[in-house]
Amino acid sequence: MSLPTFIFDLDGVIASTEKFHYSAWRETCLSFGYDLTAEKNDYLKGISRTASLKLILGWSNTEISNEKFEEVLRDKNELYLNLLINLNSDDIILGVDTFIITAKEKNHKIALCSSSKNAKFILEKLDIIKLFDVIVDGNDVEKSKPNPEGFSLAAKLSNTNSENCVVFEDSEAGVSAANQIDMYTVGIGTSEKLNIANRVCENFKEIRLKDFKI
Ligand code: BG6
Ligand code: MG
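These figures come from a predicted structure and were not determined experimentally.

The rules behind each value
- Residues numbered from 1 in each chain as written.
- Chains lettered and ligands numbered in written order.
- Predicted model: local features only at pLDDT ≥ 70, side-chain atom pairs only at ≥ 80, totals over all residues.
- Heavy atoms only, no water.
- Helix = DSSP H or I, 4+ residues; strand = E, 2+ residues; numbered from the N terminus.
- Polar contact = N/O pair within 3.5 Å; in protein donor to acceptor, adjacent residues only side chain to side chain.
- Contact = heavy atoms within 4.5 Å.
- Core = buried A, V, L, I, M, F, W, Y, C linked by side-chain atoms within 4.5 Å.
- Buried < 20%, exposed > 50% of the residue type's maximum accessible area, 1.4 Å probe, protein only.
- Domains from an automatic or database assignment.
- Buried area = accessible area lost by both parts, 1.4 Å probe.
- Salt bridge = Lys/Arg side-chain N within 4 Å of Asp/Glu carboxyl O.
- Nonpolar A, V, L, I, M, F, W, Y, C, P; charged D, E, K, R; others polar.
- Donors = N, O, S within 2.8 Å, 3.2 Å for Na, K, Ca; no water.
- Near = heavy atom within 4 Å.
- Areas by Shrake-Rupley, 256 points an atom, 1.4 Å probe, with all protein chains shown as cover.

A.B. asks: Tell me about the side chain of Thr-185, and please be specific about residues and values.
C.D. replies: Mapped onto the fold, Thr-185 is located in strand E5 (residues 184–188). Only 2.7 Å separates the side chain of Thr-185 from the side chain of Asn-179, close enough to count as a polar contact. The residues touching Thr-185, leaving out its near neighbours within four places in the chain, are Val-167, Val-175, Ala-178, Asn-179, Ile-196, Ala-197, Asn-198 and Arg-199.

A.B. asks: Let's hear about the nonpolar core: which residues, and what values?
C.D. replies: Formed by 35 residues in total, the largest nonpolar core has its most connected members in Phe-6, Phe-8, Ile-14, Phe-132 and Phe-168. Among the elements of the structure, strand E1 (5–8), helix H1 (18–30), helix H5 (96–105), strand E2 (110–113), helix H6 (119–126), strand E4 (165–169) and E5 are those that each provide at least two residues to this core. There are two domains that each give this core at least three residues, and those are domain 1 (5–15 + 88–211) and domain 2 (18–83). Beyond its immediate sequence surroundings of up to four residues, Ile-14 is in contact with Phe-8, Asp-9, Asp-91, Ile-92, Ile-93, Val-96, Leu-112, Leu-126, Ile-128 and Phe-132.

A.B. asks: Break down the domain arrangement of the chain for me, with residues and values.
C.D. replies: Domains assigned within the chain are domain 1 (5–15 + 88–211) and domain 2 (18–83). Spacing between the C-alpha centres of domain 1 and domain 2 amounts to 24 Å. Here domain 1 packs against domain 2, burying approximately 1,000 Å² in sum over the two surfaces, 48% of which is carbon and sulfur. The largest contributions to the domain 1 side of the interface with domain 2 come from Asp-11, Asn-118 and Lys-193, which together make up 39% of the buried area. One can count one salt bridge joining domain 1 with domain 2. Where Lys-193 meets Asp-42, a salt bridge forms, and the shortest distance between an N and an O atom there is 3.9 Å. Taken together, domain 1 and domain 2 are joined by five residue pairs in polar contact (both at pLDDT 80 or more). Split by residue class, the side of domain 1 that touches domain 2 holds four nonpolar, six polar and five charged.

A.B. asks: Can you lay out the coordination of the magnesium ion (ligand 2) for me, pointing to particular residues and giving the numbers?
C.D. replies: Coordination of the magnesium ion (ligand 2) by the protein involves Asp-9 (OD), Asp-11 (O) and Asp-170 (OD), with metal-donor separations of 2.0 to 2.1 Å. Taken in chain order, the donor set of the magnesium ion (ligand 2) reads D-x1-D-x158-D. Taken together, the residues Asp-11 in the loop between E1 and H1 and Asp-170 in the loop between E4 and helix H8 (172–180) connect sequence positions 159 residues apart. Taken as a pair, Asp-11 and Asp-170 share a single burial class, namely buried.

A.B. asks: Talk me through the site of ligand 1; I want residue IDs and the actual numbers.
C.D. replies: Around ligand 1, 16 residues are found, and the nearest of them are Asp-11, Glu-18, Ser-116, Lys-117 and Asn-118. Interatomic distance of 2.7 Å between a side-chain N/O atom of Ser-116 and an oxygen atom of ligand 1. In this structure, an oxygen atom belonging to ligand 1 sits 2.7 Å away from a main-chain N or O atom of Lys-117. The fraction of the free accessible surface of ligand 1 (390 Å²) that becomes covered by protein chains is 98%. Taken together, the elements giving at least two residues each to the shell around ligand 1 come down to H1, helix H3 (49–59) and helix H4 (66–83). Classifying every residue of the shell around ligand 1 by side-chain character gives three nonpolar, seven polar and six charged. Taken domain by domain, the makeup of the shell around ligand 1 includes at least three residues from each of domain 1 (5–15 + 88–211) and domain 2 (18–83).

A.B. asks: Report on unusual backbone geometry, specifying residues and quantitative values.
C.D. replies: Residues Lys-145 and Pro-146 are joined by a peptide bond in cis, for which omega reads 15°. Looking at the element boundaries, Pro-146 is found in the loop between strand E3 (134–136) and helix H7 (149–157). With a phi close to 50°, Asn-61 is a non-glycine residue in the positive phi region. Here Asn-61 shows up in the loop between H3 and H4. Asn-61 sits in the exposed class, given a relative accessible area of 73%. Phi angles above zero are rare outside glycine, and Asp-182 is one such case at about 60°. Turning to its location among the elements, Asp-182 is positioned in the loop between H8 and E5. Judged by its relative accessible area of 53%, Asp-182 falls in the exposed class.

Okay, here's the thing in C-alpha coordinates:
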(Lines give C-alpha, C1' and ligand atoms only; values in the text may rest on other atoms or scores of the structure.)
(Ligands and ions follow the chains in the order given, each with its own letter.)
Protein backbone atom coordinates (compact mmCIF):
# COMPACT_ATOMS: atom_id res chain seq x y z
CA MET A 1 0.00 0.00 0.00
CA SER A 2 1.22 3.52 -0.78
CA LEU A 3 1.87 6.23 1.78
CA PRO A 4 -1.33 7.76 3.16
CA THR A 5 -2.26 11.28 2.10
CA PHE A 6 -3.05 13.57 5.00
CA ILE A 7 -6.07 15.85 4.57
CA PHE A 8 -6.51 18.73 7.00
CA ASP A 9 -9.53 20.83 7.80
CA LEU A 10 -8.64 24.51 8.34
CA ASP A 11 -10.80 26.28 10.95
CA GLY A 12 -10.25 24.60 14.33
CA VAL A 13 -7.54 22.20 13.09
CA ILE A 14 -4.87 24.41 11.53
CA ALA A 15 -6.01 27.87 12.54
CA SER A 16 -7.65 29.01 15.77
CA THR A 17 -10.30 30.89 13.80
CA GLU A 18 -13.50 29.24 15.09
CA LYS A 19 -13.74 31.85 17.86
CA PHE A 20 -13.79 34.58 15.19
CA HIS A 21 -16.54 32.81 13.20
CA TYR A 22 -18.57 32.61 16.42
CA SER A 23 -18.03 36.30 17.30
CA ALA A 24 -19.01 37.40 13.79
CA TRP A 25 -22.12 35.19 13.69
CA ARG A 26 -23.09 36.30 17.21
CA GLU A 27 -22.93 39.97 16.26
CA THR A 28 -24.78 39.30 13.00
CA CYS A 29 -27.53 37.41 14.85
CA LEU A 30 -27.92 40.15 17.45
CA SER A 31 -28.69 42.57 14.60
CA PHE A 32 -31.96 40.67 14.10
CA GLY A 33 -32.52 40.04 17.80
CA TYR A 34 -31.27 36.46 18.07
CA ASP A 35 -28.81 35.39 20.76
CA LEU A 36 -26.62 32.65 19.26
CA THR A 37 -25.39 30.43 22.10
CA ALA A 38 -22.10 28.52 22.04
CA GLU A 39 -24.09 25.24 22.04
CA LYS A 40 -25.98 26.22 18.90
CA ASN A 41 -22.78 27.56 17.33
CA ASP A 42 -21.30 24.06 17.62
CA TYR A 43 -23.74 22.93 14.89
CA LEU A 44 -22.28 25.56 12.54
CA LYS A 45 -18.77 24.10 12.65
CA GLY A 46 -17.65 22.67 9.35
CA ILE A 47 -20.68 23.70 7.34
CA SER A 48 -20.77 26.48 4.73
CA ARG A 49 -21.67 30.11 5.32
CA THR A 50 -24.97 29.68 3.45
CA ALA A 51 -25.93 26.51 5.34
CA SER A 52 -25.09 28.27 8.62
CA LEU A 53 -27.42 31.18 7.90
CA LYS A 54 -30.24 28.82 6.88
CA LEU A 55 -29.91 27.02 10.24
CA ILE A 56 -29.81 30.30 12.16
CA LEU A 57 -32.93 31.61 10.41
CA GLY A 58 -34.74 28.38 11.30
CA TRP A 59 -33.68 28.51 14.96
CA SER A 60 -34.72 32.15 15.25
CA ASN A 61 -37.94 31.82 13.21
CA THR A 62 -36.77 34.63 10.97
CA GLU A 63 -37.84 35.06 7.37
CA ILE A 64 -35.83 37.31 5.05
CA SER A 65 -35.77 38.02 1.31
CA ASN A 66 -33.11 36.50 -0.94
CA GLU A 67 -31.57 39.94 -1.25
CA LYS A 68 -31.38 40.36 2.52
CA PHE A 69 -29.96 36.81 2.83
CA GLU A 70 -27.03 37.77 0.60
CA GLU A 71 -26.59 41.04 2.50
CA VAL A 72 -26.42 39.23 5.86
CA LEU A 73 -23.81 36.82 4.47
CA ARG A 74 -21.72 39.75 3.24
CA ASP A 75 -22.02 41.53 6.59
CA LYS A 76 -21.02 38.41 8.52
CA ASN A 77 -17.99 37.92 6.31
CA GLU A 78 -16.96 41.54 6.67
CA LEU A 79 -17.11 41.25 10.47
CA TYR A 80 -15.14 38.00 10.28
CA LEU A 81 -12.43 39.43 8.01
CA ASN A 82 -12.03 42.40 10.36
CA LEU A 83 -11.34 39.97 13.18
CA LEU A 84 -8.62 38.32 11.06
CA ILE A 85 -6.65 41.51 10.56
CA ASN A 86 -3.92 40.55 13.00
CA LEU A 87 -3.94 36.82 12.18
CA ASN A 88 -0.39 35.47 11.81
CA SER A 89 1.68 32.34 12.30
CA ASP A 90 1.14 32.56 16.08
CA ASP A 91 -2.45 31.54 15.37
CA ILE A 92 -1.43 28.14 13.99
CA ILE A 93 -2.81 25.45 16.30
CA LEU A 94 -0.14 23.85 18.47
CA GLY A 95 1.81 21.04 16.81
CA VAL A 96 -0.03 20.85 13.49
CA ASP A 97 2.69 22.66 11.52
CA THR A 98 5.42 20.40 12.92
CA PHE A 99 3.34 17.33 12.03
CA ILE A 100 2.85 18.58 8.46
CA ILE A 101 6.54 19.40 7.99
CA THR A 102 7.59 15.97 9.31
CA ALA A 103 5.05 14.23 7.08
CA LYS A 104 6.27 16.14 4.01
CA GLU A 105 9.85 15.13 4.76
CA LYS A 106 8.65 11.50 4.63
CA ASN A 107 6.95 12.14 1.25
CA HIS A 108 3.34 12.10 2.38
CA LYS A 109 1.06 14.31 0.29
CA ILE A 110 -0.59 17.13 2.21
CA ALA A 111 -4.06 18.39 1.30
CA LEU A 112 -6.52 20.89 2.69
CA CYS A 113 -10.27 20.38 2.61
CA SER A 114 -12.14 23.32 4.08
CA SER A 115 -15.68 24.68 3.72
CA SER A 116 -14.31 28.19 4.00
CA LYS A 117 -14.18 30.53 1.02
CA ASN A 118 -11.45 32.42 2.91
CA ALA A 119 -9.12 29.42 3.18
CA LYS A 120 -6.34 30.53 0.82
CA PHE A 121 -6.32 34.02 2.32
CA ILE A 122 -5.92 32.50 5.81
CA LEU A 123 -3.16 30.08 4.75
CA GLU A 124 -1.29 33.04 3.20
CA LYS A 125 -1.64 35.02 6.42
CA LEU A 126 -0.35 32.07 8.46
CA ASP A 127 2.51 31.78 5.95
CA ILE A 128 1.99 28.03 5.40
CA ILE A 129 0.25 27.88 2.02
CA LYS A 130 3.38 26.41 0.39
CA LEU A 131 3.11 23.30 2.58
CA PHE A 132 -0.03 22.13 0.74
CA ASP A 133 0.12 19.98 -2.40
CA VAL A 134 -3.65 20.24 -2.86
CA ILE A 135 -6.16 22.83 -1.64
CA VAL A 136 -9.91 22.30 -1.81
CA ASP A 137 -12.00 25.07 -0.30
CA GLY A 138 -15.55 26.40 -0.23
CA ASN A 139 -15.16 27.83 -3.73
CA ASP A 140 -14.47 24.41 -5.27
CA VAL A 141 -17.54 22.43 -4.25
CA GLU A 142 -21.29 22.59 -4.74
CA LYS A 143 -22.15 20.66 -1.62
CA SER A 144 -20.25 21.38 1.55
CA LYS A 145 -19.62 19.07 4.53
CA PRO A 146 -21.27 16.80 5.67
CA ASN A 147 -21.41 15.99 1.94
CA PRO A 148 -18.17 14.18 1.00
CA GLU A 149 -17.71 16.10 -2.31
CA GLY A 150 -14.74 18.14 -1.01
CA PHE A 151 -12.92 15.13 0.42
CA SER A 152 -13.48 13.12 -2.78
CA LEU A 153 -12.01 15.98 -4.80
CA ALA A 154 -9.03 16.32 -2.43
CA ALA A 155 -8.32 12.57 -2.77
CA LYS A 156 -8.65 12.72 -6.57
CA LEU A 157 -6.31 15.73 -6.88
CA SER A 158 -3.82 13.95 -4.60
CA ASN A 159 -4.02 10.80 -6.77
CA THR A 160 -4.92 8.79 -3.69
CA ASN A 161 -7.76 6.32 -3.08
CA SER A 162 -10.07 7.60 -0.38
CA GLU A 163 -9.31 4.51 1.81
CA ASN A 164 -5.69 5.65 1.84
CA CYS A 165 -6.43 9.15 3.18
CA VAL A 166 -6.21 10.23 6.81
CA VAL A 167 -8.45 13.18 7.70
CA PHE A 168 -8.00 15.58 10.62
CA GLU A 169 -11.25 17.32 11.56
CA ASP A 170 -12.69 19.23 14.51
CA SER A 171 -16.32 19.15 13.33
CA GLU A 172 -18.97 16.44 13.31
CA ALA A 173 -19.95 17.49 9.77
CA GLY A 174 -16.37 17.02 8.57
CA VAL A 175 -15.82 13.65 10.25
CA SER A 176 -19.17 12.42 8.93
CA ALA A 177 -18.27 13.53 5.38
CA ALA A 178 -14.94 11.71 5.38
CA ASN A 179 -16.39 8.61 7.06
CA GLN A 180 -18.91 8.26 4.22
CA ILE A 181 -16.11 7.58 1.73
CA ASP A 182 -14.08 5.31 4.03
CA MET A 183 -11.30 7.74 4.88
CA TYR A 184 -9.57 7.19 8.23
CA THR A 185 -10.80 10.00 10.49
CA VAL A 186 -9.05 11.67 13.40
CA GLY A 187 -11.26 13.99 15.45
CA ILE A 188 -9.32 16.89 16.95
CA GLY A 189 -10.76 18.31 20.16
CA THR A 190 -12.86 17.35 23.14
CA SER A 191 -16.41 17.51 21.77
CA GLU A 192 -18.46 14.32 22.24
CA LYS A 193 -19.73 14.91 18.71
CA LEU A 194 -16.32 13.67 17.49
CA ASN A 195 -16.89 10.15 18.79
CA ILE A 196 -17.94 9.05 15.30
CA ALA A 197 -14.27 9.41 14.22
CA ASN A 198 -11.94 6.40 14.04
CA ARG A 199 -9.73 8.09 16.62
CA VAL A 200 -10.13 11.22 18.75
CA CYS A 201 -7.20 13.31 20.03
CA GLU A 202 -7.30 16.46 22.06
CA ASN A 203 -4.49 18.00 20.00
CA PHE A 204 -1.50 17.21 17.78
CA LYS A 205 0.78 16.60 20.76
CA GLU A 206 -0.86 13.15 21.00
CA ILE A 207 -0.24 12.33 17.34
CA ARG A 208 2.92 10.83 15.81
CA LEU A 209 3.61 10.12 12.16
CA LYS A 210 4.40 6.49 12.98
CA ASP A 211 0.76 6.10 14.17
CA PHE A 212 -0.19 5.98 10.49
CA LYS A 213 2.36 3.45 9.19
CA ILE A 214 0.57 0.89 7.10
C1 BG6 B 1 -15.79 26.19 8.17
C2 BG6 B 1 -16.06 26.70 9.56
O3 BG6 B 1 -14.46 25.76 8.09
O4 BG6 B 1 -16.00 27.23 7.20
C5 BG6 B 1 -17.43 27.35 9.65
O6 BG6 B 1 -15.99 25.62 10.45
C7 BG6 B 1 -17.54 28.43 8.57
O8 BG6 B 1 -17.59 27.90 10.94
C9 BG6 B 1 -17.30 27.80 7.21
O10 BG6 B 1 -18.84 29.02 8.60
C11 BG6 B 1 -17.41 28.80 6.06
O12 BG6 B 1 -16.38 29.74 6.18
P13 BG6 B 1 -16.27 31.12 5.40
O14 BG6 B 1 -14.91 31.64 5.79
O15 BG6 B 1 -16.40 30.81 3.94
O16 BG6 B 1 -17.39 31.96 5.89
MG1 MG C 1 -13.12 22.90 11.37
